[in-house]
Amino acid sequence: MNEFLSISEEETKRIASQLAEQLNGDEVILIYGSLASGKTVFVKGLARGLGIDENLVSSPTFTIMNIYAGKSLLFHLDLYRLEDPGEMDFLGIEDFLGMGVLAVEWGEKAEKAPWAKNAIRVYLEQISEKERKIKVMF
Ligand SMILES: Nc1ncnc2c1ncn2[C@@H]1O[C@H](COP(=O)(O)OP(=O)(O)OP(=O)(O)O)[C@@H](O)[C@H]1O
Ligand SMILES: [Mg+2]
């Protein structure tokens, strides 16, 4: 486990970017944390580390999933709107597992999926306006 205290959006991106640089390119990363804790910021940092323009990364609120191409593909999933874990079956995630890095906001909603088993887990906790505790569990 790695633990960080980030004091800015930029620092959170750097932490995520350094994690991304160490990836094989087929990992699942579940991201936990309440509203505005920095989940999307973290994904922007992952994108940076994968050689993707982080400004392309936005919250896939209406699309559920966005796909970006860099050193490897980045599948960015936001499960905020998922009401029933059974809805996950319709996303067909198994079809692209292993084809890129899969980063999932609201990781708790994917907890029961078979592909979540060996995921890297990232916990974001808002400490103050600018401070975030970041725990990365492998
Ligand atoms: N240390 C920090 N790390 C990350 N974000 C920070 C930090 N300090 C302040 N922020 C701000 O917190 C907000 C985080 O927004 P972000 O969209 O990443 O949250 P989120 O967890 O994805 O929210 P949502 O649940 O709506 O998807 C941004 O406005 C960002 O600028
Ligand atoms: Mg978000």
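Look up a bit, the structure's there.
Residues numbered from 1 in each chain as written. Chains lettered and ligands numbered in written order. Predicted model: local features only at pLDDT ≥ 70, side-chain atom pairs only at ≥ 80, totals over all residues. Heavy atoms only, no water.

**Student:** So what about the packing of aromatic side chains? Which residues, and what values?
**Tutor:** In this structure the tally under the stated criterion is three aromatic pairs. The interplanar angle of 20° and the centroid separation of 4.5 Å between the aromatic rings of Tyr32 and Tyr123 together place this pair among those described as stacked. In this pair, Tyr32 sits in strand β2 (residues 28–32) while Tyr123 sits in strand β6 (residues 120–126), placing the two residues 91 residues apart along the sequence. Note on Tyr80 and Trp106: the rings are 5.3 Å apart at their centroids and 40° apart in plane angle, and the pair reads as tilted. Note that Tyr80 is positioned in the loop between β4 (73–78) and β5 (100–105) and Trp106 in the loop between β5 and β6, a separation of 26 residues in sequence. (Phe/Tyr/Trp six-rings, centres within 6.5 Å; stacked < 30°, edge-to-face > 60°. Helix = DSSP H or I, 4+ residues; strand = E, 2+ residues; numbered from the N terminus.)

**Student:** Please give an account of the environment of Phe42 that cites residues and values.
**Tutor:** Mapping Phe42 onto the fold places it in helix α2 (residues 39–49). Between the alpha carbons of Phe42 and Arg14 there is a distance of 8.7 Å; along the sequence they are 28 residues apart. Not counting residues up to four positions away in its chain, the partners in contact with Phe42 are Thr12, Ile15, Ala16, Leu19, Ile31, Val122, Leu124 and Ile134. (Contact = heavy atoms within 4.5 Å.)

**Student:** Give me the coordination of the magnesium ion (ligand 2): which residues, what numbers.
**Tutor:** Coordination of the magnesium ion (ligand 2) by the protein is provided by Thr40 (OG1) and Glu105 (OE), with metal-donor distances spanning 2.1 to 2.2 Å. Taken together, the residues Thr40 in helix α2 and Glu105 in strand β5 connect sequence positions 65 residues apart. (Donors = N, O, S within 2.8 Å, 3.2 Å for Na, K, Ca; no water.)

**Student:** Please set out the sheet that holds β6 residue by residue, giving values where relevant.
**Tutor:** Reading across the sheet, the seven strands line up as β1-β7-β6-β2-β5-β4-β3 and stay open at both edges, with mixed pairing between neighbours. Strand pairing shows two members of the sheet lacking a second neighbour, β1 (2–6) and β3 (65–69), which therefore form its edges. Here the average twist between neighbouring strands, direction ignored, is 15°. Note: β2 against β6, four bridges, orientation parallel. (Pairing = 2+ DSSP bridges. Axes fitted to C-alpha atoms, helices over the stretch in contact; angles between N-to-C directions.)

**Student:** A description of the site of ligand 1 should follow, citing residues and the corresponding values.
**Tutor:** Residues in close proximity to ligand 1 total 18 residues, the closest being Glu9, Thr12, Lys39, Thr40 and Lys130. Here an oxygen atom of ligand 1 sits 3.0 Å away from a polar atom, N or O, in the main chain of Gly38. In the environment of ligand 1, an oxygen atom lies 3.1 Å from a nitrogen or oxygen atom belonging to the side chain of Arg132. Protein chains bury 76% of the 640 Å² of accessible surface belonging to ligand 1 in isolation. Elements with a contribution of two residues or more to the shell around ligand 1: α1 (9–21) and α2. Sort the elements by how many residues they give to the shell around ligand 1 and α2 lands first, with three residues. A per-class count over the shell around ligand 1 returns five nonpolar, seven polar and six charged. (Near = heavy atom within 4 Å. Polar contact = N/O pair within 3.5 Å; in protein donor to acceptor, adjacent residues only side chain to side chain. Areas by Shrake-Rupley, 256 points an atom, 1.4 Å probe, with all protein chains shown as cover. Nonpolar A, V, L, I, M, F, W, Y, C, P; charged D, E, K, R; others polar.)

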